[in-house]
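Remarks on the overall topology
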Amino acid sequence: MTNTQPQSLAFGKYQVPVVTVSTVIVGTGSAGYCAADRLWELGHDDIVMVADKVRAGASRNAGSDKQTYYKLTLSGSEPDSVREMAGTLFSGGAMDGDNALAEAALSARGFIRLCDLGVPFPQNRYGEFVGYKTDHDPRQRATSVGPYTSRTMVEKLEKKVLRNGTRVLDECRVVDLVVSPDGAGGTKIAGLLVLRTGVSLDSEECPFLFFRCRNIVYATGGPAGIYAKRVFPNGQWGATGAALRAGVAGKNLTEWQFGLGSIKPRWNVSGTYMQAIPRFISTDQDGNDEREFLTETIEDYGRLMSLVFLKGYQWPFDARKAANGSSLIDLLVYQETALRGRRVFLDFRSNPVRPDFDPAALEPEAREYLAKAGALFGTPIERLRHMNEPAYRFYLDRNPYIDLEEQMLEVDVCAQHNNGGLTVDAWWQSNVRGFFPVGEAAGSHGVYRPGGAALNSGQVGATRAAQYISANSDSTFLPDTELIEAATPVIEAAFDLLARATEREEQGEPDNTAGMLTRVQELMSEKAGPVRSGDSVLEALKQVSVWADEYTGAVAANRSSRRSISRTFLIRDILTTAHVYLSAMADYIGHNGHSRGSVIYSDPSGSLPLKGHGTDPGKELDLPSIFRFRLDNGSLDDQVQETVVPFRRAIQPDDGAAGGAESPTATPLPATVEFHWRQRRPIPRPDEFFENVWRDFRSNGNVY
């Protein structure tokens, strides 16, 4: 068991407490707890978990009306196989085949493990886990325990990890990774520096804590903090920038998933929220001048209702469905909020367009579904409560409290998931040896993915990382002299940034951390959200580069405010992330990339969305030119974009700054960002002859 009592070590002029431990798991969501539990069960108990806020994060606090978990079919007579499921994942485009095969192969194992821990996935009286079809799913592999599937997973896994006796350290914000040469031309993990946000700068305790370690399982979640319009819960920020600064490669960073979400509280309005067919209303910023704006573009009553219904299980914004399908709804909401500066609400109290609901006008798919559900009647709220009472009650239990019987629900097109992320191999190890991104931090998905695939991927990636770490563990740590050489520049830079920021505020400059955070988030949502262009991306990149370059000389933080001190390092991380992500977007456009996934790239030579029904269905709709686009049509599906910030010591002397002429500063602006396009790895075809597999398994567990 890990001894987490720190020992003090001198890094230059600073004494910093150091914990020596084999493996640090960063993040206390479902992937992080899964990794901790798997490592413990494999006999690798020299571990510690750290988190910015244990009870924050997407796994514990995000969901939808019926949050989906995706796994191999475990019921009925419909055929399914590991390879077929791998093919489904692989078909999303730009996904590596070894990750797809592993996610399919371990899906049943991870799922049954969760069931055994007490996650109440529904089964029939004979023990079959009956499923349903989700988006991008040719079978019925999806299952759910309701709005809080991932929360339930976290709670059950957390209970097991605490029972194991694994130490969990709260209030630890990631500052930087420390890496060293691995002797083979690459780098390896040497340590992790965190800010102890619960330690006052006026106390005698050091605000930083350093972990000397051989492995890091990085379960920080995606970089949610780079967007203002996001459905990620409060407290979910990510820490991708620290990994990028340390030379960890990014993969498919351009690929985000956007969709309709409520703003206060933040929540996906998918599934039954859309299948109940609410009325879409826009107002001015003061809540006046109500308009049922969908009718301005979608004139046919039945078509309008059917497209809203389809958003239920076609929830993510999809460029392919923007031209002539349900994602037109997202674009019209975006037009109201982003282009017209209005607010958009879902009104469940009244039917769309007409006072009375006319199911005969619905297209067959919507009408047949609602008929089976017994919901061809009444108002949207009556249909919602009939089909899914928990979806209604959810908003009654949130802050702020919203009663959909009485109030409208404000929504927007929000960032929901980063399908790209940090690069991983077949064992979820990155290009930096000993560094394992799992969950949303890992870029294991393709351009498209089935609904619920992310929850499965987190369990699989955590399991694979644990298997590899336990099979390849050793007892050697970086010697003190080498550790001090590698870590001192990083630690000095952190102290220096903190000193400059607090001294600036003490000299009279107001605390500006909140404003700095907001401005980069708003810029990213405006210029690099679900609708982008070459010009908007370059404009944002130029501005973020300026902010990042000026950051250490501009940030002012109140030393008595824990939030302000924490934000000092959070903003640096977000600026790094935004700069690298925008650079990747610009490179994608330069690589002749077009609209795909959950993003349209404006193109003057492209087409506007089409009328899509009735007479003249091929007629372009009267929409702003920003919505002209060309589909990628899979032209880059077999390629993966990898993004690398070449590792360097992020230290620059800054004459005249607080701390003296030789005082180092850690700039969030990378010196260069490099890109590499490669063929995606195919789905492996391993030896399936049992005797051969068994022989190798007895030798090394087939972990190599």
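Note: the structure precedes this text.
Here's what I pulled together on the structure shown here. The shown structure was predicted, so the numbers you read here are calculated from the model rather than taken from an experiment.

Here we take up the overall build of the chain. Looking only at helices and strands, the chain has 20 helices and 25 strands in total. Across the 704 residues of the chain, 61% fall into the buried class. Sequence-distant contacts in the chain: of pairs separated by 6 or more residues, those separated by 24 or more amount to 75%. Of the roughly 26,600 Å² that the chain leaves accessible, carbon and sulfur atoms contribute 48%.

Moving on: the pairing of strand E3 (residues 23-26). Here E3 shows two buried faces, one formed by Thr23 and Ile25 and the other by Val24 and Val26. Direction of pairing for E3 relative to strand E4 (residues 47-50): parallel, over a ladder of 4 bridges. By the bridge assignment for E4, threonine 23 is matched with isoleucine 47. In terms of handedness, the path from E3 via helix H1 (residues 30-41) over to E4 forms a crossover that is right-handed. With 4 bridges connecting them, E3 and strand E11 (residues 215-218) associate as parallel partners. When the sheet's bridge partners are listed, threonine 23 is paired in E11 with asparagine 215.

The biggest cluster of nonpolar side chains holds 151 residues, and the ones touching the most others in it are Phe211, Tyr218 and Phe280. Here this core takes 13 residues from helix H19 (residues 562-590), the largest share from any one element. Once residues lying within four places of it in the same chain are set aside, the contact partners of tyrosine 218 are Val26, Val174, Leu177, Ala239, Ala242, Ala243, Leu422, Phe435, Phe436, Pro437, Val438 and Ala441.

Taken together, 5 strands build an open sheet; the order of strands is E1-E2-E10-E9-E8 and the sheet is mixed. Every other strand in the sheet has two partners, leaving strand E1 (7-11) and strand E8 (172-181) as the edge strands with one partner each. The average angle at which neighbouring strand axes cross in this sheet is 35°, direction not considered. As paired strands, E8 and strand E9 (residues 187-196) are joined by 9 bridges and run antiparallel to one another. The partner of proline 181 across the bridge, within E9, is threonine 187. Sheet strands touched by helix H16 (residues 480-506): E1, strand E2 (14-20), E8, E9 and strand E10 (208-212). Its angle to E1, the strand with the most contacts, is close to 80°.

Right, let's get into the pattern of salt bridges. With the rule as written, the count across this model stands at 52 salt bridges. Taking the shortest distance from any N to any O, the salt bridge between arginine 572 and aspartate 176 comes out at 2.8 Å. Here arginine 572, found in helix H19, pairs with aspartate 176, found in strand E8; they are 396 residues apart in sequence, far enough to count as distant. Taking relative accessible area as the criterion, arginine 572 reaches 2% and is therefore assigned buried. Judged by relative accessible area, aspartate 176 falls into the buried class, the value being 9%. Taking the shortest distance from any N to any O, the salt bridge between arginine 559 and glutamate 506 comes out at 3.7 Å. Placement of arginine 559 in the loop between helix H18 (534-550) and H19 and of glutamate 506 in helix H16 is noted, with a sequence separation of 53 residues between them. Via salt bridges that share partners, Glu78, Asp80, Glu84, Asp137, Arg139 and Arg141 belong to a single interconnected network.

This brings us to the packing of aromatic side chains. Under the counting rule described, the total for this entry stands at 28 aromatic pairs. Residues phenylalanine 232 and tryptophan 256 carry aromatic rings whose centres are separated by 6.5 Å and whose planes lie at 85° to one another, so their mutual orientation is edge-to-face. Of this pair, phenylalanine 232 sits in the loop between E11 and helix H7 (240-245) while tryptophan 256 sits in strand E13 (residues 256-262), placing them 24 residues apart in sequence. The class for phenylalanine 232 is buried, based on a relative accessible area of 3%. Ring plane angle 80° and centroid distance 4.9 Å describe the contact between phenylalanine 394 and tyrosine 395, whose orientation is recorded as edge-to-face. In this pair, the class of phenylalanine 394 matches that of tyrosine 395, namely buried. Among the aromatic residues, ring-to-ring pairing joins Tyr148, Trp267, Tyr273, Phe394 and Tyr395 into one connected group. Positioned above the aromatic ring of phenylalanine 477, the side-chain terminus of arginine 214 is 4.2 Å from the ring centre. Of note, arginine 698 hangs over the ring of tryptophan 694, and the distance from its end group to the ring centre comes to 4.7 Å.

Right, let's get into unusual backbone geometry. Between lysine 264 and the following residue, proline 265, the backbone shows a cis peptide bond with an omega angle of 0°. At the junction of asparagine 399 and proline 400, the peptide bond is cis and its omega measures out at 5° in the coordinates. You can see proline 400 is positioned in the loop between helix H14 (389-396) and strand E17 (409-418). A positive phi angle, near 65°, is found at alanine 94, a position not held by glycine. With respect to the secondary-structure elements, alanine 94 resides in the loop between helix H3 (82-90) and helix H4 (97-105).

With respect to the helices and strands, the residue valine 248 is situated in the loop between H7 and strand E12 (250-251). Considered as a pair, valine 248 and valine 424 are 176 residues apart in the sequence and their alpha carbons are 9.7 Å apart. Aside from chain neighbours lying at most four places away, what touches valine 248 is Leu177, Ala243, Leu422, Ser430, Asn431, Val432, Phe435 and Thr643.

Turning our eyes to something else, we now look at the sheet that holds strand E25 (residues 674-679). Strand order in this open sheet of 4 strands is E18-E12-E22-E25, and the pairing throughout is antiparallel. A single partner strand is all that each edge strand has here, and the edge strands are strand E18 (421-422) and E25. Inspection of the sheet shows strand E22 (residues 639-644) paired to E25 by 6 bridges, in the antiparallel sense. Looking at E25, one finds that glutamate 642 is bridged to histidine 676.

The next point concerns the packing of helix H9 (residues 301-310) against helix H12 (residues 364-372). The interhelical angle for the contact between H9 and H12, taken along N-to-C directions, is 65°, at an axis separation of 9 Å. Here the hand of the crossing between H9 and H12 comes out left-handed. Only Glu365, Ala366, Tyr369 and Leu370 of H12 make contact with H9, whose side of the interface consists of Ser306, Phe309 and Leu310. Of the residues belonging to the contact of H9 with H12, the class tally is 5 nonpolar, 1 polar and 1 charged.

Turning our eyes to something else, we now look at the side chain of histidine 44. Counting through the fold element by element, histidine 44 comes out in the loop between H1 and E4. Exposure remark for histidine 44: the relative accessible area of 8% places this residue in the buried category. When near neighbours in sequence (up to four residues on either side) are disregarded, histidine 44 contacts Ser22, Thr23, Leu39, Ile469, Ser470 and Ser473.

Scoring rules and cut-offs
- Residues numbered from 1 in each chain as written.
- Predicted model: local features only at pLDDT ≥ 70, side-chain atom pairs only at ≥ 80, totals over all residues.
- Heavy atoms only, no water.
- Helix = DSSP H or I, 4+ residues; strand = E, 2+ residues; numbered from the N terminus.
- Buried < 20%, exposed > 50% of the residue type's maximum accessible area, 1.4 Å probe, protein only.
- Contact = heavy atoms within 4.5 Å.
- Areas by Shrake-Rupley, 256 points an atom, 1.4 Å probe, with all protein chains shown as cover.
- Pairing = 2+ DSSP bridges.
- Right-handed = clockwise from strand over helix to strand, strands pointing away.
- Core = buried A, V, L, I, M, F, W, Y, C linked by side-chain atoms within 4.5 Å.
- Axes fitted to C-alpha atoms, helices over the stretch in contact; angles between N-to-C directions.
- Salt bridge = Lys/Arg side-chain N within 4 Å of Asp/Glu carboxyl O.
- Phe/Tyr/Trp six-rings, centres within 6.5 Å; stacked < 30°, edge-to-face > 60°.
- Lys NZ or Arg CZ within 6 Å of the ring centre and 35° of its normal.
- Left-handed = near helix turned anticlockwise from the far one by under 90°.
- Nonpolar A, V, L, I, M, F, W, Y, C, P; charged D, E, K, R; others polar.

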